[in-house]
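What the coordinates show
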Amino acid sequence: MQDTVIPVPEDWARRAYVDDAAYQQMYRRSVDDPEGFWAEHGKRIDWIRPYSRVKNTSYDPHDVSIKWFEDGTLNVAANCIDRHLEERGDQVAIIWEGDDPADDAKITYRELHEKVCRFANVLKKLGAKKGDRITIYMPMIPEAAYAMLACARIGAIHSVVFGGFSPDSLAGRIQGCDSNIVITADEGLRGGRKVPLKANTDEALKKCPTVKNVVVVRRTGGDIGWEEGRDVWLHDEMQAVSADCPPEEMNAEDPLFILYTSGSTGQPKGVLHTSGGYLVYASMTHHYVFDYHDGDVYWCTADVGWVTGHSYIVYGPLANGATTLMFEGVPNYPTAARFWEVCDKHKVNIFYTAPTAIRALMGAGDDLVKKTDRSSLRLLGSVGEPINPEAWMWYYNVVGDGRCPIVDTWWQTETGGILITPLPGATGLKPGSATRPFFGIQPALMDGEGNELTGAASGNLVITDSWPGQMRTVYGDHERFVQTYFSTYKGMYFTGDGCRRDEDGYYWITGRVDDVINVSGHRMGTAEVESSLVAHPKVSEAAVVGYPHDIKGQGIYAYVTLMSGETPSEDLRKELVAWVRKDIGPIASPDLIQWAPGLPKTRSGKIMRRILRKIAEDEFSNLGDTSTLADPAVVDDLIDNRQNRA
Ligand code: 6R9
């Protein structure tokens with residue numbers, strides 16, 4: 001299957017913005033003359049003061065500094081809204097599809113303008129100003145997008161926290177960037193179940209004394225706690241302010257948002273993105289990768305709590321004047337036909353989702369897909385984790401009826417936008433491969449000794465030069481930024497991913513090479529789950545690794561050593577799962593817990609994760625070098641009691 005090449009359909013080559021010849025020519029120029037290339041493409045957005053400097057970047061570990069369009073000024077919200085008003089004020093900007101199929105709404109660019117201006121004035125009235133950090137903890141409702149754009153309009157930096165995170169995780173992220181305003185809703189609604197967002201916020205705020213105001217959106221009307229003087233209803237405040245709010249003039253390098261993401265060690269890090277380069281890159285990739293044309297209905301199923309929601313539900317599409325669909329619910333509610341029913345209902349042309357959803361829906365059977373029409377679909381996309389060729393073929397043949405190219409887009413929170421991807425009019429597809437680099441992106445493969453590999457090879461994926469959408473720093477910790485991304489390979493951005501390049505120069509991402517695991521397309525640091533487990537009074541030690549999981553891609557496998565005197569039991573297992581769930585959030589729940597009387601360690605006391613990974617992957621016949629183990633008997637016990645036997 002890996003040799004299958006699905007050629008570009010003729011009509012696609014003809015009507016797309018770029019065919020293969022154009023791709024080759026544009027790509028060449030983008031790497032031979034980045035200054036010239038980006039000077040030209042930077043103009044795709046509106047600048048208040050045009051830039052004269054284009055690229056000023058250094059990957060030197062002693063002085064990592066990334067600046068694009070640095071003397072230009074702009075406002076991101078004005079680019080996403082105001083500049084479209086004249087031509088497309090009455091065009092739908094956001095189609096909202098509620099959790100309940102009977103619930104939906106359409107918001108035009110003109111309406112979006114009014115909502116965002118009022119929202120921005122509400123924030124101003126609460127004292128928010130340029131540079132302030134505002135935390136957004138919201139369900140997938142249009143107000144989440146209004147909130148982000150309102151921040152951008154006044155120059156405040158937003159930090160969106162996924163609504164599935166626990167009060168503790170929320171508190172950590174609020175403290176991490178010193179927010180003094182939190183925007184949330186009374187409750188969220190997902191798959192018919194309520195998510196207690198305001199209650200979680202109240203709980204989190206016990207640990208966040210600096211928060212002065214909570215702006216609450218009424219979504220369900222459910223009963224919630226209220227702190228007079230601190231909490232305000234958005235709908236009340238919106239009526240009390242003017243619908244006029246001139247956009248703040250921002251420098252290209254002023255921060256736009258912080259987004260916390262898991263790393264291989266310790267606390268999640270605040271990935272910082274700035275204004276000009278980010279918007280140029282998000283809008284340009286959205287335009288070319290999805291070949292977005294006027295009038296297309298585009299749907300990305302991500303949550304705004306993740307980077308995909310930032311770049312490809314909100315900023316990229318709106319900067320392009322697109323119609324972007326925002327979905328509140330889940331793929332299998334009321335039934336596993338929901339995605340395809342929504343495609344029919346709103347005549348979706350471009351559909352972008354994650355492999356974990358594709359695998360789960362594939363498991364629900366073809367009939368649920370086949371009973372829908374889907375003839376509006378023209379292009380499919382995938383993001384978040386490697387897509388296995390079997391799921392790819394199902395997506396292509398069953399969902400797309402063999403008509404729609406699939407863009408398998410590889411990128412990261414850190415990259416701001418898509419880096420490796422097919423372009424539908426230019427790139428022959430290979431199921432499971434993210435194929436070729438986008439304009440301006442120079443990938444390379446490195447071995448463990450720091451040598452660059454040429455030709456067909458497998459190694460660690462690095463990017464050798466900057467692109468406008470790249471993160472600028474870890475908020476408040478530039479040293480961690482340098483350490484994490486620029487110290488492994490000198491002068492290169494290290495992605496943390498392993499990758500193979502084939503004889504056609506196509507890239508195949510193989511997954512993380514660090515202690516980050518990818519659970520249903522969500523990044524989880526094994527260290528975060530471990531520190532949650534060891535915080536439980538009965539746990540003495542824990543080691544967490546990933547293992548192959550049919551639906552989630554990777555599942556969470558935890559080896560747990562109990563305090564002496566404690567006995568393993570099914571009740572305790574459930575208690576630990578619930579503990580982590582409550583501590584971090586449902587996405588961090590361990591799938592398997594193995595009671596480990598001891599963990600394999602080196603004589604210097606380092607846990608040998610490589611061995612734990614092998615056992616979890618059920619590949620214990622090939623454990624590699626075990627000669628440095630302090631106590632080899634530990635490993636035999638772990639193998640005998642492994643939890644993942646086929
Ligand atoms: C956009 C996003 C980033 C990590 C990344 C990689 C994995 C994302 C992928 C993919 C294979 C793809 N990943 N897209 N792996 N093929 N098309 O997901 O950002 O949440 O930061 O995760 O996800 O391992 O390093 P983020």
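Residues numbered from 1 in each chain as written. Predicted model: local features only at pLDDT ≥ 70, side-chain atom pairs only at ≥ 80, totals over all residues. Heavy atoms only, no water.

1. Some points on the layout of surface pockets
- Roughly 410 Å³ of internal volume is contained in the second largest pocket.
- Together, 21 residues line the second largest pocket, and Ser 169, Arg 173, Gln 267, Pro 268 and Glu 528 are the ones closest to its centre.
- For the lining of the second largest pocket, the secondary structure elements donating two or more residues are α8 (167-176), β15 (269-274) and α18 (526-534).
- A total of five residues in the lining of the second largest pocket trace back to one element, the largest contributor, which is α8.
- Residue classes in the lining of the second largest pocket are distributed as six nonpolar, eight polar and seven charged. (1 Å grid on protein atoms, 1.4 Å probe; cavity = no way out; pocket = protein on both sides within 12 Å on 5 of 7 lines; lining within 4 Å. Points joined across faces, edges and corners; volume = space filled by probe spheres on them. Helix = DSSP H or I, 4+ residues; strand = E, 2+ residues; numbered from the N terminus. Nonpolar A, V, L, I, M, F, W, Y, C, P; charged D, E, K, R; others polar.)

2. Quick word on the confidence of the model for the protein chain
- Averaged over every residue, the pLDDT of the protein chain is 96; the share at 70 or more is 99%.
- Interface confidence in the predicted complex, given as ipTM, is 1.00; pTM for the same model is 0.95. (pLDDT = per-residue confidence, 0-100.)

3. Concerning the site of the ligand
- Around the ligand, 17 residues are found, and the nearest of them are Asp 408, Thr 409, Thr 413, Asp 497 and Arg 523.
- Here a nitrogen atom of the ligand sits 2.8 Å away from a polar atom, N or O, in the main chain of Thr 409.
- Between the ligand and Arg 523 there is a distance of 2.8 Å, counted from an oxygen atom to a side-chain nitrogen or oxygen.
- In the complex, the protein chains occlude 96% of the 530 Å² of accessible area that the ligand would expose alone.
- For the shell around the ligand, the secondary structure elements donating two or more residues are α12 (307-319), β20 (406-409) and β26 (507-512).
- For the shell around the ligand, the class distribution of residues is six nonpolar, six polar and five charged. (Near = heavy atom within 4 Å. Polar contact = N/O pair within 3.5 Å; in protein donor to acceptor, adjacent residues only side chain to side chain. Areas by Shrake-Rupley, 256 points an atom, 1.4 Å probe, with all protein chains shown as cover.)

4. Structural notes on the UniProt feature "domain: Acetyl-coenzyme A synthetase N-terminal" (unreviewed entry) in the protein chain
- The sites that UniProt annotates as "domain: Acetyl-coenzyme A synthetase N-terminal" (unreviewed entry) are residues 23-80.
- Across residues 23-80, helical content stands at 40% and strand content at 17%; the span's end C-alpha atoms are separated by 27 Å. (UniProt positions renumbered as here; feature names shortened; annotations may be inferred.)

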